[in-house]
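If you want the building blocks of each chain, they are given just below.
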Amino acid sequence: MPLVVNTFSSMTDIRFQREEIRFFMNKAKLFIENFFVYGIGGIISKIIPFVMLPIVTRLMPDPYYFGLSDMSQTIIGFCRYLAILGMYDAMYRMFFEKEEEQYKKEVCSTALLTTLSTSFFLLCIMVLFRQRIAGFFFEDEKYAHLVYLSAISTFVGATNSIVSAPTRMQNKRKVFLITNTVSPLLSYAVSIPLLFAGYYVIALPVAGMISALTLEIVFYALNKEWFSVALFDKKLMTVMLKIGIPLLPEMLVYWVFNSSDRVMITRILGVGEAGIYSVGAKIGMASQLIYIAFAGGWQYFAFSTMHEEDQVKNNTRVFEYLGCISYIATLFICAVSRPLFTMLFTEEYHRSFIVAPYLFLAPLLQMLYQVIANQFLVIKKTWPSMFILLAGALLNVLFNWFYIPIIGIEGAAIASLLGYMVSLLICSIVLIKIRQMTFSPRFLFCTVMEIFMIVLWRLILLDNLLAQALLFLAYTVSVMILYGKDIKVLLKGGG
């Protein structure tokens with residue numbers, strides 16, 4: 001009899017394990033499908049600028065002009081956060097709260113009308129103080145006309161994020177494949193002729209503005225049934241602002257992480273150095289291909305599965321898998337950055353290769369942070385994430401002030417990476433303590449070895465490409481061995 005009981009218990013355990021694997025595979029399939037489909041769209045939208053970057057830098061007579069264009073994007077990034085006021089994330093959160101279509105339309109309409117109001121107000125402020133803004137960001141008030149363009153792009157970009165959201169929330173992935181292809185092509189169709197004509201200052205800002213406006217018109221035509229003035233709800237707006245406003249400081253902190261280095265380089269070293277740094281950053285941020293694919297698939301996956309019993313376990317698995325992919329990809333960039341810059345760019349940009357690996361990993365750490373920090377949003381407590389990011393951002397600024405005068409643009413890249421590392425570490429500790437996250441020893445081992453490899457690359461192996469390749473290959477094999485069972489499960493599920 002005990003044998004029968006034990007056999008029955010073993011069979012039950014096997015069935016349970018199979019059901020657990022099947023359940024996880026269904027969720028993994030949902031995430032992977034979104035990851036790759038949105039990833040293709042994200043790759044298209046980023047690979048075109050990536051390919052065009054060497055051409056654009058050759059058409060500009062001096063890195064100074066590229067620095068001006070990059071600073072314009074820095075202004076737009078900052079002001080867009082203020083204009084959106086956290087409504088995009090609040091809109092996503094509330095959209096999945098109920099199943100009624102009328103309610104979903106009220107959420108979309110309320111978000112758009114709120115964002116229209118804040119965007120227009122901010123546009124007026126930017127125009128009013130255009131000379132002061134130009135003096136601070138461009139080091140010369142004569143570039144006030146760039147602030148005009150930045151103000152319009154801010155308005156368009158902020159409202160566009162809301163107008164396009166219903167397409168993504170309905171998971172209409174094919175639409176994004178098309179729009180993400182057309183948008184950059186349109187941008188360069190405008191900017192290249194302007195550069196040939198000698199309009200180096202406004203070519204990229206004007207092209208970006210026209211492309212964004214075209215995209216907004218297209219998305220409004222597709223999603224107009226989701227928006228109506230009559231469906232604006234003040235009570236719903238209050239609820240959404242309570243979710244969104246606490247996220248605003250967090251978004252501004254992200255801006256500090258991603259853009260304070262450019263501002264501080266401009267103020268300390270000049271716009272020309274900011275242009276050189278920006279080229280290195282754009283190559284380094286090829287990781288945005290991974291990040292955008294993640295962001296497109298992640299938000300839908302995270303909120304549509306947030307009530308599942310195994311949500312914490314599945315979240316941890318996604319975190320570890322993305323972490324290992326990020327680590328391996330970063331080591332690859334370490335190996336190819338110098339020969340890549342030598343091949344693609346003119347001599348004045350060659351030295352920017354040194355920032356590429358740091359700035360490749362930094363957005364991926366931001367991605368990993370968002371995976372685990374999403375747990376705060378799921379339990380509707382967003383303030384811890386804000387303070388954690390703030391601590392990292394303040395350290396980022398302090399590191400910038402210390403490192404930039406000493407080691408130049410590399411110091412800014414190191415500062416960005418260290419800031420994210422600190423935030424990710426603090427967030428991990430907090431979530432483990434409140435039992436919203438768990439981590440395996442194998443992932444901790446992979447993390448420690450990644451840090452060791454980067455230090456080894458910078459201090460010893462910088463000029464030895466063969467040694468880099470062998471060590472990085474050994475690291476990749478080690479990770480695959482550690483996660484061998486998981487890889488087999490995912491491959492079987494994919495088959």
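Please read all numbers here as calculations on a predicted model, not as lab measurements.

Engineer: Now, about the layout of surface pockets: what can you tell me, with residues and values included?
Structural biologist: Size it by volume and the second largest pocket reaches roughly 710 Å³. Lining the second largest pocket we find 25 residues, and of these L361, L365, M421, T447 and I451 sit closest to its centre. For the lining of the second largest pocket, the secondary structure elements donating two or more residues are α14 (311-344), α15 (356-378), α17 (409-433) and α18 (441-459). Considering each element in turn, the lining of the second largest pocket owes the most residues, 10 residues, to α18. Taken together, the residues of the lining of the second largest pocket sort by class into 21 nonpolar, two polar and two charged.

Engineer: Could you give me a rundown of the packing of aromatic side chains, with the residues and numbers involved?
Structural biologist: Scanning all chains against the criterion turns up 16 aromatic pairs. Taking 5.3 Å as the distance between ring centres and 65 degrees as the angle between the ring planes, the aromatic pair formed by F319 and F443 counts as edge-to-face. In this pair, F319 is assigned in helix α14 and F443 in helix α18, connecting sequence segments 124 residues apart. Assigned by exposure class, F319 and F443 land together as buried. Each member of the aromatic cluster is reached from another via a ring pair, and the members are F319, Y327, F439 and F443. Residue placement shows K104 over the ring face of F95; its charged tip is 4.2 Å from the ring centre.

Engineer: Tell me about unusual backbone geometry, residues and numbers included.
Structural biologist: Even without being a glycine, L85 presents a positive backbone phi close to 60 degrees. On the secondary structure map, L85 appears in the loop between α2 (63-84) and α3 (87-95). A positive phi angle, near 65 degrees, is found at E139, a position not held by glycine. With respect to the helices and strands, E139 occurs in the loop between α5 (130-137) and α6 (144-163).

Engineer: For the environment of M71, give the residues involved together with the corresponding values.
Structural biologist: Its place among the elements puts M71 in helix α2. Once you skip the residues sitting within four places of it in the chain, M71 turns out to touch F137, F138, R262, V263 and T266.

Engineer: Just give me the short version of the nonpolar core, but keep the residues and values in it.
Structural biologist: Judged by nonpolar contacts, the single largest core of 137 residues is most densely connected at M91, F138, M240 and Y277. By residue number, the principal contributor to this core is α15, which donates 15 residues. Ignoring anything within four residues of it in the chain, the contact list for F138 reads Y64, L68, M71, S72, I75, I133, Y143, L146, V147 and V271.

Engineer: Mind laying out the packing of helix α12 (residues 271-284) against α17, listing which residues take part and the relevant values?
Structural biologist: Between α12 and α17, whose axes approach to 10 Å, the crossing angle comes to 55 degrees. In terms of their interaxial angle, α12 and α17 are classed as oblique. As α12 runs across α17, the sense of the crossing is right-handed. Together, E273, I276 and Y277 of α12 and I409, A412, A413 and S416 of α17 make up the contact between the two elements.

Engineer: Can you explain the side chain of T74? Please cite residues and give values.
Structural biologist: With respect to the helices and strands, T74 occurs in helix α2. Residue T74 is classed as buried on the basis of its relative accessible area of 3%. Residues within four places of T74 in sequence aside, it is in contact with W255, S259, R262 and V263.

Thresholds, definitions, all that
Residues numbered from 1 in each chain as written. Predicted model: local features only at pLDDT ≥ 70, side-chain atom pairs only at ≥ 80, totals over all residues. Heavy atoms only, no water. 1 Å grid on protein atoms, 1.4 Å probe; cavity = no way out; pocket = protein on both sides within 12 Å on 5 of 7 lines; lining within 4 Å. Points joined across faces, edges and corners; volume = space filled by probe spheres on them. Helix = DSSP H or I, 4+ residues; strand = E, 2+ residues; numbered from the N terminus. Nonpolar A, V, L, I, M, F, W, Y, C, P; charged D, E, K, R; others polar. Phe/Tyr/Trp six-rings, centres within 6.5 Å; stacked < 30°, edge-to-face > 60°. Buried < 20%, exposed > 50% of the residue type's maximum accessible area, 1.4 Å probe, protein only. Lys NZ or Arg CZ within 6 Å of the ring centre and 35° of its normal. Contact = heavy atoms within 4.5 Å. Core = buried A, V, L, I, M, F, W, Y, C linked by side-chain atoms within 4.5 Å. Axes fitted to C-alpha atoms, helices over the stretch in contact; angles between N-to-C directions. Parallel < 35°, antiparallel > 145°, perpendicular 65-115°, else oblique. Left-handed = near helix turned anticlockwise from the far one by under 90°.

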